[in-house]
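# Architecture and fold: a report
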Amino acid sequence: MADAKVIPFDDDRSRARRRPPARGGAEAAVRALPAQPAPEAAPEDARRAAAPPAEPPARGDWERRLAGGLAFLRRRVTGDYEVDEFGYDEELTDQVLMSLLRPLYEKYFRVEVKGVENIPKEGGALVVANHSGTLPLDGLMMQVAVHDHHPAGRHLRLLAADLVFMLPVVNELARKAGHTLACAEDAERLLRAGEVVGVMPEGFKGIGKPFAERYKLQRFGRGGFVSTALRAGVPIVPCSIVGAEEIYPMLGNAKTLARVLGLPYFPLTPTFPWLGPLGVLPLPTKWTIQFGEPIPTDGYPLEAAEDPMLMFNLTDQVREQIQHALYKLLVQRRSVFF
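Residues numbered from 1 in each chain as written. Predicted model: local features only at pLDDT ≥ 70, side-chain atom pairs only at ≥ 80, totals over all residues. Heavy atoms only, no water.

## Considering the overall build of the protein
Condition: Each helix is a run of DSSP H or I of at least 4 residues and each strand a run of E of at least 2, with the numbering of both proceeding from the N terminus. Note on exposure labels: buried denotes an accessible area under 20% of the residue type's maximum, exposed denotes more than 50%, and partly exposed covers the range between, all computed with a 1.4 Å probe on protein chains only. When checking whether two residues touch, look at their non-hydrogen atoms; a contact exists if any pair is within 4.5 Å. Areas reported here follow the Shrake-Rupley algorithm with a probe of radius 1.4 Å; residue values treat only the protein chains shown as occluding.
From N to C terminus, the protein includes 10 helices and 11 strands. Burial status across the protein gives 43% buried among its 338 residues. Considering only intrachain contacts with a sequence separation of at least 6, the fraction spanning at least 24 residues in the protein is 78%. A total of about 19000 Å² of accessible surface is found on the protein, and carbon and sulfur atoms cover 60% of it.

The structure is reproduced here in structure tokens:
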């Protein structure tokens, strides 16, 4: 099997969807036969009788899907696809990974998206969101929201914790989906390349907090994400997610078992581990993802990224904006499940 081609990060890949290069021989595109024009003076009934019977739309759509699927498999087998230097596979993400997540997004959590147009149509941007839910499904749903609803069809590149890249299978899928290690160097490189980057500064403190503290933002670290945005000169887009807190209500934490397994926490919920594998099934809550007004950073001098007071103030501003939006969405919510 041939190796996938690696593309440099500064090739403006994020501006438009790539299409695989045309190839000759058996893989050349099939051209449609030219249609014969009907005589201008022929009556309407005669033209209908002379025209070939129309192919049923369902069959034509099915054949196009089949042809597209076979072409996709051929490219995967032959290695005729591209990944960037972080391992991001845009074609696999668009055609497979997003398709797998979309039923969960549309049918199970019924996600409602607001303000996605606040993410710039081009250039870098840092999306900062709250984190919750025991398992990081909120990041994946946010990625689908940007992918499917942004007017410019942008892709969200998530910064993930070390643990994600230590797990078998999950590590490879995360790289293919565009995730990368949550470090300042990788984040700044992505932002300077014009990517939309997503970060959840609460980390494990947010995703593993008890149910009694739901929708109460935890500490946002030391403001490293603000420093990264200042150095790259990109706007910060606050994002508030409602609905994820209730999918696995965390009533307790088996700390001893977590230490033995090398996990940051071991959740005890109303269904896990009491129901075994069924306990892993999340509750079908109704979600809302709201992207707030961007906070510009390009007006600050270069040395601003080293100013601790400025970083503290901007971090606090982002945190307050997310928290305020969470409270507002909670007031507007009719029910956890509807």
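Moving on, there is more to tell.
## Comments concerning unusual backbone geometry
Most of the time, phi is negative for any residue but glycine, and the peptide bond is trans. Cis geometry marks the peptide bond from phenylalanine 272 to proline 273; its omega dihedral reads 5°. Structurally, the position occupied by proline 273 is in the loop between β10 (267–268) and β11 (288–291). With a phi close to 50°, arginine 110 is a non-glycine residue in the positive phi region. In this structure, arginine 110 sits in the loop between α3 (90–108) and β3 (112–114). You will see that tyrosine 215, though not glycine, has its phi angle at about 60°, which is positive.

## Brief notes about the nonpolar core
To keep things clear, this is the line we draw: Nine residue types can take part in a nonpolar core, namely buried Ala, Val, Leu, Ile, Met, Phe, Trp, Tyr and Cys, and a core is a set of them joined through side-chain atoms within 4.5 Å.
Leu126, Val128, Phe225 and Val318 are the most contacted members of the largest nonpolar core, which has 30 residues in total. For this core, the secondary structure elements donating two or more residues are β4 (125–129), α6 (184–192), β7 (196–199), α8 (224–232), β8 (236–242) and α10 (308–332). No other element matches the seven residues that α10 contributes to this core. Listed in part, the 28 residues of the second largest apolar core include Ile119, Met141, Val146 and Tyr248.

## Overview of the sheet that holds strand β6 (residues 180–181)
Cut-off, in case you're wondering: Should DSSP find at least two bridges between two strands, the strands are taken to pair.
An order of β3-β11-β8-β4-β7-β5-β6 is seen for the seven strands of this open sheet, with the pairing classed as mixed. A strand with exactly one partner marks an edge of an open sheet, and here the two such strands are β3 and β6. Two elements, strand β5 (residues 156–160) and β7, share three bridges in a ladder whose sense is parallel. Looking at β7, one finds that leucine 156 is bridged to valine 196.

## Side note on the side chain of arginine 154
Just so we agree on the cut-off: Counted as positive: Lys and Arg. Counted as negative: Asp and Glu. His and the chain ends are not counted at all. Each reported salt bridge corresponds to a side-chain nitrogen of Lys or Arg within 4 Å of a carboxyl oxygen of Asp or Glu. Polar contact is defined as a pair of N or O atoms within 3.5 Å, subject to the rule that within protein one atom must be able to donate a hydrogen and the other to accept it, and that residues adjacent in sequence are counted only when both atoms are side-chain atoms.
The residue arginine 154 is located in the loop between α4 (137–149) and β5 in this model. This buried residue, arginine 154, is left without a salt bridge; glutamate 195 holds the nearest opposite charge, at 5.5 Å. Of the polar contacts made by the side chain of arginine 154, one reaches the backbone oxygen of glycine 123; its length is 2.7 Å.

## Overview of the side chain of aspartate 138
Looking at where aspartate 138 falls in the secondary structure, it is placed in helix α4. Lysine 209 is the oppositely charged side chain nearest to the buried, salt-bridge-free aspartate 138, at an N-O distance of 7.7 Å. Excluding its chain neighbours within four sequence positions, the residues that come into contact with aspartate 138 are Asn130, His131, Ser132, Met200, Ile241, Ala244 and Trp287.

## Things to note about the confidence of the model for the protein
Stated formally: Predictor confidence is given residue by residue as pLDDT, running from a minimum of 0 to a maximum of 100.
This prediction gives the protein a mean pLDDT of 85; 83% of its residues lie at or above 70. Across residues 5–52, confidence stays below pLDDT 50; counting only partners more than four residues off in sequence or on other chains, it has 52 contacts.

## Describing the environment of glycine 292
Structurally, glycine 292 can be placed in the loop between β11 and α10. Between the alpha carbons of glycine 292 and serine 240 there is a distance of 7.9 Å; along the sequence they are 52 residues apart.

## Regarding the packing of α6 against α8
Operational definition: Helix axes are fitted to C-alpha atoms over the stretch in contact, other axes to C-alpha atoms as well, and angles between N-to-C directions run from 0 to 180 degrees. Definitions for this section: a left-handed crossing has its near helix turned counterclockwise from the far helix by less than a right angle. A right-handed crossing has that turn clockwise. Ten residues, namely Ala, Val, Leu, Ile, Met, Phe, Trp, Tyr, Cys and Pro, are considered nonpolar, four, namely Asp, Glu, Lys and Arg, are considered charged, and the remaining ones, Gly among them, are considered polar.
The interhelical angle for the contact between α6 and α8, taken along N-to-C directions, is 35°, at an axis separation of 9 Å. With respect to the hand of their crossing, α6 and α8 are arranged in right-handed fashion. Here Ala184, Ala187, Glu188, Leu191 and Arg192 of α6 lie close against α8, whose contacting residues are Thr228, Arg231 and Ala232. For the contact of α6 with α8, the per-class residue count stands at four nonpolar, one polar and three charged.

## What about a nonpolar patch on the surface?
This is how it is decided: Patches here are clusters of residues that have more than 30% relative accessible area and form no salt bridge, with a 9 Å joining cutoff for like charges and a 5 Å cutoff for nonpolar side chains (Val, Leu, Ile, Met, Phe, Trp, Tyr).
Together, Trp62, Leu66, Leu70 and Leu73 make up an exposed nonpolar region whose accessible area comes to about 430 Å². Looking at where tryptophan 62 falls in the secondary structure, it is placed in helix α2 (residues 57–78).

## Considerations on α4
Where we set the bar: How far a helix is expected to stretch is found by multiplying one less than its residue total by 1.5 Å.
Between its first and last C-alpha atoms α4 spans 18 Å; for 13 residues at 1.5 Å apiece the expected length is 18 Å, and the two agree. Burial runs high along α4: 10 of the 13 residues are buried. Within α4 the residues assigned to the buried category are Leu137, Asp138, Gly139, Met141, Met142, Gln143, Val144, Ala145, Val146 and His147. Residues of α4 that are buried sit in contact with α3, β3, β4, β5, β8 and β11.

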